[in-house]
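As a plain string of letters, each chain reads:
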Amino acid sequence: MRSLLFSVSVLTLAATAALAEQPLPQPAPPSPAIPAARDVPYPGTLKLSVDATDLARRIFDIRQTIPVAKPGKFTFYYPQWVPGGHSPRNDIDKMAGLVVTAGGKRLAWTRDPVEVFAFHVDVPVGATELNLSYQFLSPVEVRVGRQVMTPDMLNLQWLQMGFYPAGYFTRQIPIEASVKLPEGFQFATALETARTEGQTTTFKVVPFETLVDSPMFAGRYFKSVDLDPEGPARVRLNMVADRPEQLEFKPEHIQAHKEIVQQAYKLYGSRHYDHYDFLVALSDQLGGIGLEHHRSSENNVGPKYFQDWDKGFVGRELLPHEFTHSWNGKFRRGADLWTPTLNTPMRDSLMWVYEGQTQYWGNVLSARSNLLTKQQSLDSLAMTAATFDNRRGRDWRSVADTTNDPIIANRKPLSWLSYQRSEDYYSEGLLVWLDADTLIREKTGGKKSLDDFAKAFFGVDDGSWMPRTYVFEDVVKTLNDVVPYDWSGFLKTRIEGLSERAPLDGLTRGGYKLVYTDTPTDYFKTSETRGKSVNHAYSLGLTIGAAGLLTGVQWDGPAFKAGLTQGQTIVAVNGEAYDADKLKEDIKAAARPEAPLVELLIKDGDRYRMVKIDWRGGLRYPRLERIAGTPARLDDILAARK
Ligand SMILES: [Zn+2]
């Protein structure tokens, strides 16, 4: 080893000597300066007009006018950071055809080579505005990206449609937007209409910040329901669907949605909008979405949301989750997440509050509003608890570190999810907040709860939607105001620390424990059906998709130890062609010590091999079991507030 190292260093020195005569590489000169954003009004109102009628080719055709005050260098941005996505992933690759003119003359533009979302032009003497024309080429197939136009509906996100000038806070840039929709389309958005001419609607002038936070759903089949006719602010459930019959609902469906609003008001004691619009697609044509905004949210609940109401309960937490974000995330926002422009990097360090507590309240409000039964909520919680208790990545990666995931991983598929971890601050955050809630309830003899935290933290400034930022110490202080405790230590241990097991004390203090039985809960079964998968994560340590394809292998589990990975295919089980039910029978049979182990014929690319899985534990599915003689605090948490 030593002599090898020696010879390498001699070589390196010789190479350096030979190159000494040549000039060494030097850094490239800096790219043109982009003016820093200032909190002063932009001189003039931008205009943005979108023609959204080309459903056949899925092209948005766009014109934009940007007033300019003086000649010379001028920089404008395409938004880069996605609010609610917490990542720099806006679709600049789909913007095409950019032509800039001033006074009828075409101007050359250059893209900044470092800040590739920034564009530079030279404004000629005498010009008062820049005229931009371009297209947003929305994906024509799923491979290219999320579908935002279908023959019957569209999801217009202004974030993808418009540029804005560099040098100003986005709240200081006024803009008037208009859209031409296909004939026969109706729409919903949090924007307020100024005027309508034919198929074109022009909206009242708003700051650029508000425009990008106010997307639109529009469609041929459209219904809108007022969820709070007597309330302090209009809250509408606006729905578009692939087919008209998918918009037929029963009174009890709407009643549950009305209850989301009422239960949220009881929880937070406030609202942070003058009106709120749920934008809801019932579609398997439009791309999936759940995205929060201050006065609206974008949601795709699937085509049979109402038609399959009784068995379609998995994932029904979506609307309460996105609604909660109006309070948690949009109104109260981590101080390092709030940015003055959409091209200033966001920092996601407090996502375990932003998404973690939203995940918690989204699930709790689903039960309190009767979107889910108590049992469905408990079963859902059991799945969350089992997922994180069996996630080996917890050995090396804290929940706090996963808050970087929107930036570093951007929801790309992973080879080893249970080891790499993902945006675990969502659902492990939920477990931490359940832990906190039950602890408050225990310490105060049931007089206080996390509801009191929610009211104190999110309920301030009723009626205001000016974001209020916070830091870690503010969270700790508010918890201490509810009940004094070492909340800083409590949170740091769970969020920043490593631990082999998930934080499940909230279940125990809630009166339940996580157990595994050989029978799946309804919720578990339904999520298998919905995901078109067979989930043996807690027995063999694998999940299976269509035709025996392995869709996940648990790090360190029995399948892992047998050398399996996702992407391989189970061709046969114990000598017979793969069949999901047969595999279950064989897992059960292998629980007897004298019986043969489950043997799989695995296809890995063009290779085949036989694999025995060393597992004698039978089928294992998570569920919650009541701990007799203890207070059922979890039941209290899930019960509707009077
Ligand atoms: Zn969320």
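Use the structure listed above.
Calculation rules
- Residues numbered from 1 in each chain as written.
- Predicted model: local features only at pLDDT ≥ 70, side-chain atom pairs only at ≥ 80, totals over all residues.
- Heavy atoms only, no water.
- Pairing = 2+ DSSP bridges.
- Helix = DSSP H or I, 4+ residues; strand = E, 2+ residues; numbered from the N terminus.
- Phe/Tyr/Trp six-rings, centres within 6.5 Å; stacked < 30°, edge-to-face > 60°.
- Lys NZ or Arg CZ within 6 Å of the ring centre and 35° of its normal.
- Donors = N, O, S within 2.8 Å, 3.2 Å for Na, K, Ca; no water.
- Buried < 20%, exposed > 50% of the residue type's maximum accessible area, 1.4 Å probe, protein only.
- Axes fitted to C-alpha atoms, helices over the stretch in contact; angles between N-to-C directions.
- Contact = heavy atoms within 4.5 Å.
- Salt bridge = Lys/Arg side-chain N within 4 Å of Asp/Glu carboxyl O.

Enquirer: Which parts of the structure should I look at to understand the sheet that holds strand E7 (residues 118–123)?
Expert: Picture the strands of a sheet paired through backbone hydrogen bonds; they go either parallel or antiparallel. The 4 strands lie next to each other as E6-E7-E3-E10, forming an open sheet whose pairing is antiparallel. In this open sheet, the two edge strands, each paired with only one partner strand, are strand E6 (109–111) and strand E10 (164–165). Pairing of E6 with E7 involves 3 bridges; the strand directions are antiparallel. Note on E7: the bridge partner recorded for Arg 111 is Phe 119.

Enquirer: In this structure, what is going on with the packing of aromatic side chains? I would like to understand it.
Expert: Two aromatic rings, taken as a pair, are described by how far apart their centres are and by the angle between their planes. On inspection of all chains with the given rule, the structure shows 48 aromatic pairs. The lysine or arginine in question, Arg 316, covers the ring of Trp 309, its NZ or CZ lying 3.7 Å from the ring centre. Here the guanidinium or amino end of Arg 620 rests over the ring plane of Tyr 516, the centre of that ring lying 4.0 Å away.

Enquirer: Is there a simple way to think about the coordination of the zinc ion in this case?
Expert: A metal bound by six donors in octahedral fashion has ideal angles of 90 or 180 degrees, whereas one bound by four tetrahedral donors has an ideal angle of 109.5 degrees. The zinc ion binds to the protein through His 321 (NE2), His 325 (NE2), Glu 355 (OE) and Glu 355 (OE), with metal-donor distances spanning 2.0 to 2.7 Å. Counting residues between consecutive donors of the zinc ion along the chain gives the motif H-x3-H-x29-E. Of this pair, His 325 sits in the loop between helix H4 (318–324) and strand E22 (332–334) while Glu 355 is found in the loop between helix H5 (351–354) and helix H6 (356–368), placing the two residues 30 residues apart along the sequence. By relative accessible area, His 325 is classed as buried at 0%.

Enquirer: Even after reading the chapter, I still don't get the sheet that holds strand E9 (residues 153–156), so can you show me in this structure?
Expert: Pairing is antiparallel in the open sheet, where 3 strands are placed in the order E9-E16-E12. Where the open sheet ends on each side, the last strands, each with one partner, are E9 and strand E12 (186–189). Taken pair by pair, the neighbouring strands of this sheet meet at an average axis angle of 15 degrees, ignoring direction.

Enquirer: Before we go on, may I ask you to explain the environment of His 86 in this structure?
Expert: The topology assignment puts His 86 in the loop between strand E3 (72–77) and strand E4 (95–102). Between the alpha carbons of His 86 and Phe 388 there is a distance of 23 Å; along the sequence they are 302 residues apart. In this view, His 86 contacts Trp 81, Glu 292, Leu 337, Met 346, Asp 348, Met 351, Tyr 354, Glu 355, Pro 406 and Ile 407; residues no more than four positions away in its chain are not counted.

Enquirer: Can you help me understand the pairing of strand E2 (residues 59–67) in this one?
Expert: Along a regular strand, successive side chains alternate from one face of the sheet to the other. Two strands pair when backbone bridges link them, and strand E1 (residues 46–54) and E2 are joined in this way by 6 bridges, in the antiparallel orientation. Paired with Asp 54 across the two strands is Ile 59, which belongs to E2. Counted between consecutive antiparallel strands, the loop separating E1 from E2 contains 4 residues, among which Arg 58 sits at a positive phi close to 60 degrees. Examined bridge by bridge, E2 and strand E8 (residues 129–137) share 9 bridges and lie antiparallel to one another. From the neighbouring strand, Asp 61 faces E8, where its bridge partner is Gln 135.

Enquirer: How should the pattern of salt bridges be read in this particular structure?
Expert: Pairing between side chains of opposite charge can happen when the charged atoms of each approach one another. A complete count under the given rule lists 42 salt bridges for this structure. A salt bridge links Lys 374 to Asp 635; the nearest nitrogen and oxygen atoms lie 2.9 Å apart. Note that Lys 374 is positioned in helix H7 (residues 374–389) and Asp 635 in helix H19 (residues 633–638), a separation of 261 residues in sequence. Ionic contacts of the salt-bridge type, sharing partners, join the residues Arg 368, Asp 437, Arg 441, Asp 451 and Arg 641 into one network.

Enquirer: Sorry if this is basic, but what is going on with unusual backbone geometry here?
Expert: A negative phi angle characterises most non-glycine residues, just as the trans form characterises most peptide bonds. Residue Asp 461 is not a glycine yet carries a positive backbone phi of 55 degrees. Tracing the sequence through the fold places Asp 461 in the loop between helix H12 (450–458) and strand E23 (468–470). The partly exposed category is assigned to Asp 461, whose relative accessible area is 32%. Of note in this structure, Asp 556 is not a glycine but carries a positive phi near 75 degrees. Mapping Asp 556 onto the fold places it in the loop between strand E27 (550–553) and helix H17 (558–561). With relative accessibility at 37%, the residue Asp 556 sits in the partly exposed group.

Scope: geometric values only; no functional claims are made or implied.
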